[in-house]
Amino acid sequence: MAPVRTTIVVTGTVLVVLYAQLMYVVTQILTPLSTVPGRTLGQIAVAAEAAGEPVFTPLAVALPLVGVALAAAVLVAAIMFPVFRTEWVALAYLALLVCGLPAYVGVAFGVGMSLGDLGDVLPIGGSDSEVGLVLVSTSFVACFLVLGVGAGILVHRAGRGVGKLAAFRPAR
């Protein structure tokens, strides 16, 4: 595998895995702890279960794992099938990072609403965890990179097409 392709595959996989881990940490650890200061995760879980609020759900574990599984699939495809161009491999990783934002917002919204509904049971102070902005920023940067890489692919293809058209001369 070419050094550039190896760099893209390793960097893309690491970024998606880190994104997934940070998504889990923010939604399942930092947000509950910052929303209900002075309580442990165990106390928050007991209060949430007693109130019937789904703060700690399997979906918060499943969505990051889906992202990791998709990154692993891109990794295997990039290694096993060299027919996939390096640009498309990069686009796949960037698309995973872009798609992480809706997954994060969905999980974070559910957790936030459930924690907000615990206001009758626990003293709610509001979430002050700014770590989620790292996920949002990463997804936005990836979105712009998708546009740039996509435009580069289109320009490259158009350049090859123009050369073929310029060489073509109709019969007279």
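Residues numbered from 1 in each chain as written. Predicted model: local features only at pLDDT ≥ 70, side-chain atom pairs only at ≥ 80, totals over all residues. Heavy atoms only, no water.

Please clarify how the packing of helix 3 (residues 59-80) against helix 4 (residues 86-117) should be interpreted in this entry.
The angle between the axes and the distance between the axes are what describe a pair of packed helices. Where helix 3 meets helix 4, the axes come as close as 11 Å, and the angle between the chain directions of the two elements is 175°. Considering their axes alone, helix 3 and helix 4 lie roughly antiparallel with respect to each other. Contacts from L59, A60, L63, G67, L70, A71, V74, L75 and A78 of helix 3 reach helix 4 at V89, A92, Y93, L96, A103 and V107. Looking at side-chain class alone, the contact of helix 3 with helix 4 contains 14 nonpolar, one polar and no charged residues. (Axes fitted to C-alpha atoms, helices over the stretch in contact; angles between N-to-C directions. Helix = DSSP H or I, 4+ residues; strand = E, 2+ residues; numbered from the N terminus. Parallel < 35°, antiparallel > 145°, perpendicular 65-115°, else oblique. Contact = heavy atoms within 4.5 Å. Nonpolar A, V, L, I, M, F, W, Y, C, P; charged D, E, K, R; others polar.)

Would you explain the pattern of salt bridges in this entry?
Side chains that differ in charge, positive against negative, can pair when their charged atoms come close. The full count for this structure, using the stated rule, is one salt bridge. Here R85 makes a salt bridge to E87, at a shortest N to O gap of 3.2 Å. The exposure class assigned to E87 is partly exposed, which follows from its relative accessible area of 33%. (Salt bridge = Lys/Arg side-chain N within 4 Å of Asp/Glu carboxyl O. Buried < 20%, exposed > 50% of the residue type's maximum accessible area, 1.4 Å probe, protein only.)

Help me out: how do you make sense of the side chain of R5 in this one?
Looking at where R5 falls in the secondary structure, it is placed in helix 1 (residues 3-35). The buried charged residue R5 lacks any salt bridge, with E87 as its nearest oppositely charged partner at 7.1 Å. Among the polar contacts made by the side chain of R5, one reaches the side chain of T86 at a distance of 3.4 Å. If near-sequence neighbours (up to four positions away) are discounted, R5 is found in contact with A78, F81, P82, F84, R85, T86 and V89. (Lys, Arg positive; Asp, Glu negative; His and termini not counted. Polar contact = N/O pair within 3.5 Å; in protein donor to acceptor, adjacent residues only side chain to side chain.)

What exactly am I supposed to notice about the packing of helix 1 against helix 3 here?
The interhelical angle for the contact between helix 1 and helix 3, taken along N-to-C directions, is 175°, at an axis separation of 9 Å. With respect to helix 3, the element helix 1 is oriented roughly antiparallel. Counted together, R5, V9, T13, V16, V17, A20, M23, Y24, T27 and Q28 of helix 1 and A60, V61, P64, G67, V68, A71, L75 and A78 of helix 3 form the full contact between these two elements. Broken down by class, the residue content of the contact of helix 1 with helix 3 amounts to 13 nonpolar, four polar and one charged.

Help me understand the nonpolar core in this model?
The tendency in soluble globular proteins is for nonpolar side chains to be buried as a group. Grouped together as the largest cluster of nonpolar side chains are 18 residues, with contacts concentrated most on V16, Y19, M23, V89, Y93, L96 and Y104. Among the elements that make up this core, the one with the highest residue count is helix 4 (eight residues). If sequence neighbours within four positions are ignored, V16 has contacts with G67, V68, A71, Y93, L96 and L97. V36, V55, L115 and L118 belong to the second largest nonpolar core, which has nine residues in total. (Core = buried A, V, L, I, M, F, W, Y, C linked by side-chain atoms within 4.5 Å.)

Explain helix 2 (residues 41-51) here, please?
It helps to recall that an α-helix has 3.6 residues per turn; residues three or four apart then point in one direction. Listing the buried residues of helix 2 in full gives I44, A47 and A48. Along the axis of helix 2, the buried residues cluster in a sector spanning 100°; they form a single face. Facing away from the buried side of helix 2 by over 90 degrees, the exposed positions are V46, E49 and A50. Of the surrounding secondary structure, the elements contacted by the buried residues of helix 2 are helix 1 and helix 4. (Arc of directions from axis to C-beta.)

Please explain the environment of G100 as it appears in this structure.
With respect to the secondary-structure elements, G100 resides in helix 4. Under the relative-accessibility criterion, G100 is labelled buried at 8%. The residues touching G100, leaving out its near neighbours within four places in the chain, are Y19, M23 and S139.

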